[in-house]
Amino acid sequence: MEFIRKWVQALFFLITNGYWSFPVSRGIYQGPLKVICSPGLNCYSCPAATSYCPLGALQQLMGGIRLALENGQFYVGFYVIGAMGILGSFVGRMICGWACPFGLFQELLHKIPSPKFGIWRPLRFIKYAMLLFMVVLLPLFAVDAFGFGQTWFCKYICPAGTLEAGLPMIILQPGLRASLGLLFLNKLVILVFFIGWAVLASRPFCRTACPLGAFYALFSKIKLVKLRLDTDRCTNCEACHDVCPMGVHFNESPEDMECISCLACTKACNFNAISLEIGGVPLAGQAPYKPPNVQLE
Amino acid sequence: MKKNKNTRKVTIRKAPFIAIFIFFVLGAVGISLGEPSRVLEQATQICLSCIGIG
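Because the structure is predicted, anything quoted here is derived from the model rather than measured.

Attention now goes to the environment of S114(A). Residue and element names in this part refer to chain A. Within the fold, S114 resides in the loop between α7 (101–110) and α8 (126–141). According to the relative accessible area criterion, S114 is partly exposed, its value standing at 26%. When the C-alpha atoms of S114 and L200 are compared, they prove to be 6.5 Å apart, with 86 residues separating the residues in sequence. Beyond its immediate stretch of four places on either side in the chain, S114 contacts V199 and L200. Reaching out from S114, the side chain makes a polar contact with the backbone oxygen of V199 at a distance of 3.2 Å.

Below, the structure is given as structure tokens:
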């Protein structure tokens, strides 16, 4: 299953970054596909990006909401939130595990041989603060004299944007190098920090700082496709603890908001206690349920 | 012989379908308001300040 997941991740990376003529055009893709929401964190200023990043688009809409309303345009983010919500309602954070290019990047970094460490669990709450303040409230309320808000998360934090857009653009367009300053240095430091952390710990950005992951996590209880625990089969052997890249203790918290449904625990469980379900219906192919200590007369 | 209850009753969860419907309606409202054209307009321009340049 891990092999299949890696291929799916690679496929999504290629689909959402399919504009490969950028070395010639030296610009970004400007075609109609950019009206489609990228499921994962994928900067739309990336030269190869073929879809829009929901976080970037949402911040832009929040930041420009006053001017839009003054002009009689009700651009308040319904389209973007609708697209994000549909994705979240279907699969939630499964997107993080299967379709996010920056998640794939962190997984590859974590394969570099080094001492490995866990992540202090309370740090996960930072990403919800990022979502609330950096993506919604600050772009909405911290406005300039003209009523424009900034894209706070993209501008000051997003390491995916630095990696996928900032660095490629200064390579493709040398004229931009004169504009580099403290802002870019700040973002570069954040990127290097998360790269180093990803080598030492599993998916640190997803677990602590990603607002998109935080949004999808809100759907952990109601999403259509989710993992479920068969408590009759579970022996609490804790095999699922060791393999989870997100530090989830699945037997203790089957609807954990951190779960990215990577299915690593389903393989590690020797008792078939963890399975995938769609809307309450277990997927076909699951071993039939056998309650323990059944005696037939 | 007692009936062997090897199978569990499958209950279809309604919550995901309700959520999908609500967000589908939300998205449709956004489309009717013309938001996709604004999103496309933004996404086809390089936002230099967004990526830490300029």
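Here we come to the interface of chain A and chain B. Accessible area lost during the coming together of the parts is what is often quoted as the interface size. The interface of chain A with chain B comprises 60 residues on the first partner and 43 residues on the second. Around 4200 Å² of area is buried between chain A and chain B when both sides are counted, 69% of it from carbon and sulfur atoms. Our count for the contact surface shared by chain A and chain B stands at one salt bridge. Across the pair E277(A) and R13(B) runs a salt bridge whose closest N-O atoms are separated by 2.9 Å. Along the contact surface separating chain A from chain B lie 11 residue pairs in polar contact (both at pLDDT 80 or more). Put simply, the parts of the chain that give the side of chain A that touches chain B at least two residues each are α3 (54–63), α5 (78–91), α9 (152–156), α10 (159–172), α11 (182–200) and β3 (281–282) of chain A. Among the elements that line the side of chain A that touches chain B, the one with the most residues is α5(A), at nine residues. Residue classes in the side of chain A that touches chain B are distributed as 35 nonpolar, 15 polar and 10 charged.

Our next topic: the packing of aromatic side chains. All names here are of chain A. Taken as a whole and judged by the stated rule, the model has 15 aromatic pairs over all chains. When the centroid spacing of 5.3 Å and the interplanar angle of 70° are considered together, the rings of F193 and F194 count as edge-to-face. Take F193: its relative accessible area is 49%, and that puts it in the partly exposed class. Take F194: its relative accessible area is 9%, and that puts it in the buried class. With 6.1 Å between their ring centres and 65° between their planes, F215 and Y216 make a pair best called edge-to-face. In this structure Y216 comes out as buried when scored by relative accessible area, which is 1%. Every member of this aromatic cluster is reached through a ring pair, and the members are F102, F105, F153, F193, F194, W197 and F205.

Residues and elements named next belong to chain A. By the criterion of burial, strand β1 (residues 225–229) is predominantly enclosed, with four of the five residues buried. Pairing analysis gives five bridges linking β1 to strand β2 (residues 274–278), with the strands arranged antiparallel. Looking at β2, one finds that R228 is bridged to S275.

This part takes up the nonpolar core. Formed by 48 residues in total, the largest nonpolar core has its most connected members in L41(A), Y52(A), V80(A), F153(A) and F205(A). When contributions to this core are tallied by element, the ones reaching two or more residues are α3, α4 (65–70), α5, α8, α11 and α13 (211–217) of chain A together with α2 (35–43) of chain B. Ranked by the residues each element gives to this core, the list is headed by α8(A), at six residues. With sequence-adjacent residues up to four places away left out, F153(A) is seen in contact with L55(A), Q59(A), M130(A), M134(A), V135(A), C158(A), F205(A), A209(A) and P211(A).

A surface patch of nonpolar side chains, about 830 Å² in accessible area, is lined by L69(A), F74(A), I18(B), F21(B), I22(B), F24(B), V25(B), V29(B) and L33(B). When residues of the nonpolar patch are assigned to their parent elements, the largest contribution, six residues, is made by helix α1 (residues 15–32) of chain B. The residue L33(B) is located in the loop between α1 and α2 in this model. By relative accessible area, which is 32% here, L33(B) ends up partly exposed.

Criteria and cut-off values
Residues numbered from 1 in each chain as written. Chains lettered and ligands numbered in written order. Predicted model: local features only at pLDDT ≥ 70, side-chain atom pairs only at ≥ 80, totals over all residues. Heavy atoms only, no water. Helix = DSSP H or I, 4+ residues; strand = E, 2+ residues; numbered from the N terminus. Buried < 20%, exposed > 50% of the residue type's maximum accessible area, 1.4 Å probe, protein only. Contact = heavy atoms within 4.5 Å. Polar contact = N/O pair within 3.5 Å; in protein donor to acceptor, adjacent residues only side chain to side chain. Buried area = accessible area lost by both parts, 1.4 Å probe. Salt bridge = Lys/Arg side-chain N within 4 Å of Asp/Glu carboxyl O. Nonpolar A, V, L, I, M, F, W, Y, C, P; charged D, E, K, R; others polar. Phe/Tyr/Trp six-rings, centres within 6.5 Å; stacked < 30°, edge-to-face > 60°. Pairing = 2+ DSSP bridges. Core = buried A, V, L, I, M, F, W, Y, C linked by side-chain atoms within 4.5 Å. Patch = residues over 30% accessible without salt bridge, like charges linked within 9 Å, V, L, I, M, F, W, Y side chains within 5 Å. Areas by Shrake-Rupley, 256 points an atom, 1.4 Å probe, with all protein chains shown as cover.

Take it as geometry only, folks, not as evidence of what the structure does.
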